[in-house]
Structures are given as C-alpha cells and as structure tokens.
Amino acid sequence: MSAVLKGNWNFPTTIWAGPGRIAELPAACARAGIRRPLVATDQGLLDSAMVRAAASALGGAAVFGGVQGNPTAAHVEAGLAAYRAGRHDGVVAFGGGAALDTGKVVAFMSGQTRPLWDFEDVGDWWTRADAAGIAPVVAVPTTAGTGSEVGRAGVILNEATHQKKIIFHPQMMPRVVILDPELTVGLPRGVTAATGMDAFVHCFEAYCAPGFHPLADGVALEGMRLVATYLPRACADGTDIEARAHMLAAASMGATAFQKGLGGVHAIAHPVGSWFGTHHGLTNAVVLPYVMVANRAAIAAKCEVVARVLDLPERGFDGLLAWVLYLRRELGIAHTLAEIGVTLDKAAIIGSEAAVDPSAAGNPVPVTAADLERIFRASVLGHLQAAA
Ligand SMILES: [Zn+2]
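On a predicted model such as this, the values are computed, not experimentally measured, just so you know. (Residues numbered from 1 in each chain as written. Predicted model: local features only at pLDDT ≥ 70, side-chain atom pairs only at ≥ 80, totals over all residues. Heavy atoms only, no water.)

Asker: I'm lost on the pattern of salt bridges in this one. Help?
Answerer: Charged atoms that come close allow side chains of opposite charge to pair. Counted under the stated rule, the structure contains 13 salt bridges. One salt bridge in this structure joins Asp 118 and Arg 114, with 3.0 Å as the shortest N-O distance. Arg 114 gets classed as partly exposed once you look at its relative accessible area, which sits at 35%. Put simply, Arg 233, Asp 240 and Glu 242 are held in one network by salt bridges that share partners. (Salt bridge = Lys/Arg side-chain N within 4 Å of Asp/Glu carboxyl O. Buried < 20%, exposed > 50% of the residue type's maximum accessible area, 1.4 Å probe, protein only.)

If you want it as structure tokens, here you go:
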C-alpha cells in the first residue's frame with residue numbers, strides 16, 4: 001500500500017507525499033537551502049514524539065512552540081525573537097494550520113523592516129516587501145484541512161482590532177512540503193472532522209467562485225471527491241493510512257484551488273473566529289449549508305456538477321445540500337453556531353467585518369453587510385431557510 005501512496009509532485013510546489021516520508025526532513029531542509037532551521041510548532045505538539053524526533057533528526061534544531069489557537073501578532077513576534085536569537089536561516093513549520101501560518105509569517109518577516117500589518121493582502125501591498133529578506137520554509141502539516149502548507153499567505157489575528165488579517169507574498173509558498181499521513185493518525189475524531197470539512201469548503205467555495213480558472217476548478221472537484229470518499233473513513237478509523245493520505249492530498253488541493261477565491265463561508269468564519277475563538281474548520285462546517293442556501297440561484301448549475309462528481313443518490317442543489325447536512329451529522333458536527341458558543345450580540349459587527357473580508361469578494365453573488373448578517377443570524381439560530 002505504501003508504494004502506491006507515494007509520490008513526488010512539483011505543483012504548486014515541491015511536495016513529497018507518502019507514509020514515513022518525515023524521515024526525509026533533513027533532505028528537505030537541504031533542498032530548501034536551510035542549514036540552521038527553527039522548528040515552529042503548536043504548543044500542544046511541543047513535547048510530542050514527532051516534534052522531538054524532527055528536531056533531533058535536524059541535529060538538535062531549536063524548537064519554537066509558542067503557537068496556540070488562532071495565531072496573533074504576539075505569536076509572530078515571539079517566533080521572530082526566537083529566530084533572531086538563534087541566528088536561523090529558515091523555518092520548518094510543523095503542525096496544524098496555526099503553526100504553519102505562524103512559521104511562514106516568521107520566515108517572511110525575518111528580513112523585513114516594515115511592520116507586519118503593512119503586508120496585509122490589500123492591492124499590491126505585497127510589493128512593499130524586500131523579497132531578499134524572505135527566509136525559506138519547509139512545511140510539515142499534522143492536520144489535513146487548512147492546506148497552509150501550499151499557501152502563499154498566513155492568517156494572523158490583530159488583537160487590537162479583533163480582525164483576522166491575511167499576510168500575503170508569493171514567496172511565502174514553502175519550498176518543500178512533506179505530506180506524511182503517519183503524522184496525522186493521532187488526531188482526535190473531532191479535529192479530523194473539522195479540519196477535513198475545512199478542506200471541503202476550500203474546494204467548494206473555490207469551485208463556486210466566479211471567474212475563469214479551469215485549473216482551480218479541476219483541482220477543486222477532485223478534492224471534494226476525495227473528502228467525500230475518505231473523510232468518513234478517517235473519522236471512523238484514525239489509523240486508516242490510505243484515508244489519511246488522501247485527506248492530506250485533499251487539504252493541499254483545497255488551498256491550491258482557492259487561489260481562485262473563497263466566498264461567504266470564509267467571510268463569516270473569519271470574524272466569528274476572531275470574536276468567539278471558534279475553530280476555523282468547525283466554524284466553516286457549521287456555516288456552509290446556510291451560505292449554500294443564500295447563494296442557491298447562482299450555484300445551482302455548479303452544484304449539479306458537484307453532485308454528479310460525488311455520485312450522490314439525489315442530484316442537483318437539493319441533493320448536494322441534503323448530502324452536506326447528512327455528512328455533518330455523520331461526523332458529529334453541530335448544526336448551529338449557538339451550539340459552539342456563538343451568540344447574536346455581535347451580529348452587526350460580524351456582518352460588517354464579513355463584508356470587508358477578502359473572501360467575500362469570491363462569493364458567487366455580491367453580498368452586503370446586511371446579507372452576511374442575515375446568514376450569520378440564520379447560522380446561529382439554525383434557521384436554514386432564513387439564510388435565503
Ligand atoms: Zn479555511
């Protein structure tokens with residue numbers, strides 16, 4: 001089985017996929033031109049066997065483990081301090097989406113003189129960066145969802161404004177990615193489900209986003225098929241390496257596809273995560289059907305294609321919506337944001353912040369703050385048809 005699941009891909013970056021390939025981490029660093037790596041990881045993984053093994057394989061590399069939950073500017077500052085103190089020349093970003101984003105932003109900021117928020121993904125602000133000051137990154141995901149390992153951005157929370165900002169530069173793309181499914185077998189079922197649904201939403205929103213991008217559309221459709229096939233298996237048996245391998249691929253495919261754009265689900269999930277500290281993938285999974293209902297007229301034809309690719313028993317928009325609701329139930333995902341601790345008191349702020357989130361621009365139909373507030377309220381209360 002392992003031989004079948006092994007592959008070296010060069011799109012959208014160098015990816016080494018397969019069980020046990022974490023053994024090639026030193027070779028990955030050499031390939032990326034990193035001699036003194038800083039390993040950036042989640043606080044929860046700091047004492048894990050896999051992080052200890054990675055640091056030891058890299059000749060006793062320093063480990064920065066100060067990443068917890070949604071990454072903030074303070075996490076980036078702490079990582080930069082560790083990076084400079086150790087005179088490192090690159091980052092091994094190792095962990096979930098938060099660790100990957102933080103590690104990538106630390107490597108990006110290591111040679112910049114301007115402050116972090118000058119590089120928000122607005123217009124051509126990325127051209128403000130000194131490209132020569134961007135350190136190389138090797139990315140090793142330990143969850144299958146965000147796809148940050150193949151992304152050119154990091155999402156960082158501005159604690160002063162409670163807004164999640166996207167820090168973007170084309171050279172933030174990791175030089176080498178290791179997709180080793182054995183690193184994900186220990187993930188609890190709930191995290192597997194929530195992160196896996198994030199991958200699905202990346203593919204779905206990218207596919208439904210307007211614009212001419214057949215490359216992204218093709219990747220998105222196959223990514224959705226992989227999630228539909230393998231996420232229930234990975235949740236039923238966390239040691240199913242075949243399922244884990246395909247979910248890691250699907251996660252990378254989602255982030256590859258969403259170069260085309262995202263949509264209302266992410267636009268709402270970002271401020272909800274900022275204000276309520278909810279898990280990103282879980283928030284997306286809860287909000288998805290409400291945004292589908294709101295976008296119904298604009299996405300009906302695309303949903304017909306998705307339903308055919310997934311070979312659903314019932315076709316069209318209604319068939320796909322019914323399947324999404326069924327999958328969420330099977331995976332134990334809540335139907336309402338209220339069930340994950342979100343209240344209505346910030347509804348107006350969520351609506352206005354969602355409207356200016358960069359993801360909103362990819363929604364299949366233009367959405368106003370009032371539209372997004374209505375969808376948010378429907379998601380909190382569980383009134384699916386009220387989203388329309
Ligand atoms: Zn996402």
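Now that the structure has been shown, the text picks up again.
Asker: Sorry, what's going on with the sheet that holds strand β3 (residues 37–42) here?
Answerer: Pairing is mixed across the open sheet formed by 7 strands, whose spatial order is β1-β2-β9-β6-β5-β3-β4. Each edge of the open sheet carries a strand with a single partner, namely β1 (7–9) and β4 (62–67). Strand-to-strand twist of the sheet, defined as the mean angle between neighbouring strand axes without regard to direction, takes the value 20°. Bridge analysis of β3 against strand β5 (residues 90–95) gives 5 bridges, and the strand direction is parallel. Note that in β5 the partner of Ala 40 across the bridge is Ala 93. The sheet contacts of helix α2 (residues 49–57) involve β3, β4 and β5, and relative to β5 the element is tilted by about 160°. (Pairing = 2+ DSSP bridges. Helix = DSSP H or I, 4+ residues; strand = E, 2+ residues; numbered from the N terminus. Axes fitted to C-alpha atoms, helices over the stretch in contact; angles between N-to-C directions. Contact = heavy atoms within 4.5 Å.)

Asker: Where do I start with the packing of aromatic side chains in this structure?
Answerer: The geometry of an aromatic ring pair comes down to the distance between the two centres and the angle between the two planes. Going through the model one piece at a time under the given rule, you end up with 4 aromatic pairs. Between Phe 200 and Phe 204, the aromatic rings sit 6.3 Å apart at their centres with planes inclined by 10°, giving stacked as the arrangement. Of the two residues, Phe 200 and Phe 204 both sit in helix α5 (residues 189–208), 4 residues apart, roughly one turn of that helix. Across the pair, exposure class does not vary: Phe 200 and Phe 204 are buried alike. For the ring pair Phe 200 and Trp 323, a centre distance of 5.5 Å and an interplane angle of 55° mean the geometry is tilted. Of this pair, Phe 200 sits in helix α5 while Trp 323 sits in helix α10 (residues 316–330), and the two are 123 residues apart along the sequence. Both residues of the pair, Phe 200 and Trp 323, count as buried. Ring-pair connections join several aromatic residues into one group, and the members of that group are Phe 200, Phe 204 and Trp 323. In this structure, Arg 128 is placed above the aromatic ring of Trp 125, and the distance from its NZ or CZ to the ring centre is 4.2 Å. In this arrangement the basic side chain of Lys 302 is found over the ring face of Tyr 207, its NZ or CZ atom lying 5.9 Å from the centre. (Phe/Tyr/Trp six-rings, centres within 6.5 Å; stacked < 30°, edge-to-face > 60°. Lys NZ or Arg CZ within 6 Å of the ring centre and 35° of its normal.)

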